[in-house]
Amino acid sequence: MSEIRLAAETRTEFGKGAARRARRAGFVPGVVYGHGHAPVHLNLPGHDLMMALKTPNALLVVPIDGKDEYVLPKAVQREAIKRNIEHVDLLLVKRGEKVTVEVPVHTEGELAPGGNLLEHVLQALPIEAEATHLPEAVTVSVEGLEAGASIHAKDITLPAGVTLAVEADAVVLQVIAAQAAPVEEEAAEAEAGAEA
């Protein structure tokens, strides 16, 4: 995963008024914490941050005290209606450090014929990997799977240096048979209800 550099500024004003002024100027208030350091308050460029967060577990590089530091987004607060980013919490990480994150599970291939449905029991797979080498997603083949089949965490091939952060027997995907009532029965029940 490539790193995304953001031109952040240290925040000196705090409170709702200061946050509103920052947002009007196109910035998003944020705080960086971790590794026993005192929290660092930043203003991050709003559009650049929004684009960076489109990548799951984006590795960001921000200047802190004149030095570039690696951070991972931990919590993103969004405005309820427009979904604009209101605030972001960032976790300070070091090169070579192992972190636990969740990566999206993508599927490829077609299920066996017969109207079966694929259920994502886990939308994201918890993994542990080096902070500077996080995969963007894991891909699982569901080609030819029939109703009743399931894919467990241990069945998923992970990139080198990545380990599971969930029980190996945890169900990630399962195939279920489509359940539909016969159309004639539904029509007969509707007619009986209309006559009563």
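Since the structure is predicted, the reported quantities are computational estimates derived from the model, not experimental observations.

What counts and how
- Residues numbered from 1 in each chain as written.
- Predicted model: local features only at pLDDT ≥ 70, side-chain atom pairs only at ≥ 80, totals over all residues.
- Heavy atoms only, no water.
- Pairing = 2+ DSSP bridges.
- Helix = DSSP H or I, 4+ residues; strand = E, 2+ residues; numbered from the N terminus.
- Axes fitted to C-alpha atoms, helices over the stretch in contact; angles between N-to-C directions.
- Buried < 20%, exposed > 50% of the residue type's maximum accessible area, 1.4 Å probe, protein only.
- Arc of directions from axis to C-beta.
- Contact = heavy atoms within 4.5 Å.

### Things to note about the sheet that holds strand β9 (residues 117–120)
The three strands are arranged β9-β14-β12 in an open sheet whose pairing can be described as antiparallel. Looking along the sheet, the strands with just one partner apiece sit at the ends: β9 and β12 (150–152). Averaged over neighbouring strand pairs, the angle between their axes works out to 15° when direction is ignored. The pairing of β9 with strand β14 (residues 171–176) spans four bridges and is antiparallel. Looking at β14, one finds that glutamate 119 is bridged to glutamine 174.

### Here's the deal with the environment of methionine 51
Turning to its location among the elements, methionine 51 is positioned in helix α2 (residues 46–52). For methionine 51, a relative accessible area of 41% puts it in the partly exposed group. Distance in space between the C-alpha atoms of methionine 51 and arginine 20 is 21 Å, their sequence separation being 31 residues.

### As for the sheet that holds strand β13 (residues 163–164)
Read from one edge of the open sheet, four strands run β11-β8-β10-β13, paired in mixed fashion. Strand pairing shows two members of the sheet lacking a second neighbour, β11 (138–141) and β13, which therefore form its edges. In this structure, strand β8 (residues 98–108) lies alongside strand β10 (residues 124–130), joined through seven bridges in antiparallel fashion. Bridge pairing links valine 99 to alanine 129 in β10.

### Details of the pairing of β10
In terms of residue burial, β10 counts as a mostly covered element, since five of its seven residues are buried. Taken together, the two bridges between β10 and β13 define a ladder with antiparallel strand orientation. In the strand pairing of β13, isoleucine 127 is matched with leucine 164.

### Here's the deal with the pairing of β11
The side-chain alternation of β11 yields one buried face, formed by Val138 and Val140, and one unburied face, formed by Thr139 and Ser141. One ladder, built from four bridges, connects β8 with β11; its direction is parallel. Looking across to β11, one finds that threonine 107 is bridged to valine 140.

### Digging into helix α1 (residues 16–24)
What α1 keeps buried is the set Ala18, Ala19 and Ala22. End-on, the buried residues of α1 take up no more than an arc of 100°, which puts them together on one face. Along α1, exposed side chains directed more than 90 degrees from the buried face belong to Lys16 and Arg24. Against β3 (27–34) and β4 (37–45) lie the buried residues of α1. Positive backbone phi, approximately 90°, marks glycine 26, located one or two places after α1.

Limitation: the analysis is restricted to geometry and does not speak to function.
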